[in-house]
Amino acid sequence: MSDLSKTGHRGALAPVRPLLGIILALFAAAGSAQAQTAEAATAAATRPPVAFPAITVSRVAPAVLRDRVMASGLVQPIEEVQVQPLVDGQAVEELLADIGDRVEAGQVLALLSGSTLDLRMSELRAQGASVEAAIAQAQAQLIEAQASADEAQRVATRSLALRDQGTISQAQADQAEAAYDAARARVRVAEQGIVSAEAQRELIAAQMANVELQQARTEVRTPVAGLVVARNAQVGAIATGMGAPMFTVIRDGALE
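Residues numbered from 1 in each chain as written. Predicted model: local features only at pLDDT ≥ 70, side-chain atom pairs only at ≥ 80, totals over all residues. Heavy atoms only, no water.

K.L.:
Help me understand the pairing of strand β7 (residues 247-251), please; the structure alone is not making it clear to me.
P.N.:
With respect to burial, β7 is a largely interior element, 4 of its 5 residues being buried. With 4 bridges joining them, strand β1 (residues 80-83) and β7 adopt antiparallel strand pairing. Residue pairing in the sheet places V81 in a bridge with V249 of β7. Relative to β7, strand β6 (residues 226-231) runs antiparallel, the two being bridged by 5 bridges. (Buried < 20%, exposed > 50% of the residue type's maximum accessible area, 1.4 Å probe, protein only. Helix = DSSP H or I, 4+ residues; strand = E, 2+ residues; numbered from the N terminus. Pairing = 2+ DSSP bridges.)

K.L.:
What am I meant to see in the confidence of the model for the protein here?
P.N.:
Low pLDDT marks regions whose predicted coordinates should not be analysed in detail. Of the residues in the protein, 80% reach a pLDDT of 70 or more, and the chain-wide mean stands at 83. For the stretch residues 1-9, pLDDT sits under 50, and the model shows 0 contacts to residues farther than four places along the chain or on other chains. (pLDDT = per-residue confidence, 0-100. Contact = heavy atoms within 4.5 Å.)

K.L.:
I tried to follow helix α3 (residues 115-165) on my own but got confused; where do I start?
P.N.:
At 3.6 residues per turn, the α-helix brings residues three or four places apart onto the same side. Helix length check: α3, at 51 residues, gives a terminal C-alpha distance of 75 Å against a target of 75 Å (1.5 Å per residue), a fit within 8%. Looking one or two residues beyond α3, the residue adopting positive phi is G166, at roughly 80°. (Expected span 1.5 Å × (residues − 1).)

K.L.:
Help me understand the pattern of salt bridges in this model?
P.N.:
Two side chains with opposite charge may pair up if their charged atoms get near one another. Under the defined criterion, the tally for this structure stands at 7 salt bridges. Ionic pairing is found between E79 and R251, a salt bridge with its closest N-O pair at 2.7 Å. Separated by 172 residues along the polypeptide, E79 in the loop between α2 (16-46) and β1 and R251 in strand β7 bring together distant segments of the chain. Classification of E79 as partly exposed rests on a relative accessible area of 35%. Where E123 meets R120, a salt bridge forms, and the shortest distance between an N and an O atom there is 3.5 Å. (Salt bridge = Lys/Arg side-chain N within 4 Å of Asp/Glu carboxyl O.)

K.L.:
Got a minute to help me understand the side chain of S159 in this structure?
P.N.:
Locating S159 in the fold gives a position in helix α3. Under the relative-accessibility criterion, S159 is labelled buried at 10%. In terms of polar contacts, S159 uses its side chain to reach the backbone carbonyl oxygen of V155, at 2.8 Å. When near neighbours in sequence (up to four residues on either side) are disregarded, S159 contacts I168, A173 and A176. (Polar contact = N/O pair within 3.5 Å; in protein donor to acceptor, adjacent residues only side chain to side chain.)

K.L.:
Could you clarify how one ought to interpret helix α4 (residues 170-216) in this entry?
P.N.:
In a regular helix each residue adds 1.5 Å, so 47 residues correspond to 69 Å; α4 covers 69 Å between its end C-alpha atoms and thus fits that length. Among the residues making up α4, those that are buried are A173, A176, Y180, A183, V187, A190, I194, A197, I204, M208 and V211.

K.L.:
Honestly, the sheet that holds β1 in this entry has me stumped. Any pointers?
P.N.:
Sheets are built from strands paired through backbone hydrogen bonds, the pairs being either parallel or antiparallel. Pairing within the open sheet is antiparallel, and its 4 strands lie in the order β1-β7-β6-β3. Looking at strand neighbours, the two that pair on one side only are β1 and β3 (102-103), the edges of this open sheet.

K.L.:
Honestly, the environment of A149 in this entry has me stumped. Any pointers?
P.N.:
Within the secondary structure, A149 sits in helix α3. Residue class for A149 comes out buried when judged on its relative accessible area of 3%. Through-space distance from the C-alpha of A149 to that of R186 is 8.1 Å; in sequence the pair is 37 residues apart. Excluding residues within four positions of it along the chain, A149 makes contact with Y180, A183, R184 and V187.

Now the structure itself:
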């Protein structure tokens, strides 16, 4: 009985063994799959994120296209005008323009002192008055000399007639003729005096016109319109055309 029991039990366990092997294999496979899944999850966590391309959406509409040329170079004025004083030796009294100012043609940029020119004009006016007085005096002398010459001429003519009649001597007639010649000489001197005084008057008038021109030039003006880019003038400095220009103006502010 015992042997049969043992044999019966062994026969009953024989079909179960393959099933146990399959179950064990499934458990092993499941464990291996879990390990692989864990490794894949770890690898996915450490893998850098994928950078997808950025997409921009714009609405299509009509537009004006403009070309832009990007280049490097130097920008410089087309024409620079140097503004110099037209009268020398006068101090700068006032500056009316500065760097960056836009000016018009003929605009006053600076004022120079005119005190010495005013003094010179006063002297010339005094000289002119003196010359006018000299002219009036010479004209009076001419009138007087002409009257004396006319009287001397009558005396000389009458003396010649009396000499021919034998009433007076030749010496008296010659004396009357000499007096007439002297009177004519005084007339010529008076005439020359008037001419000289009138020439002096014209000279003084020319000098006064020159001083007036210099007085007008104490206003330093720009000959062109444009942009002031340099100013060398300083208040109190003596203006001269031999040094640096008082102002530099770009004509019309044009650059190239």
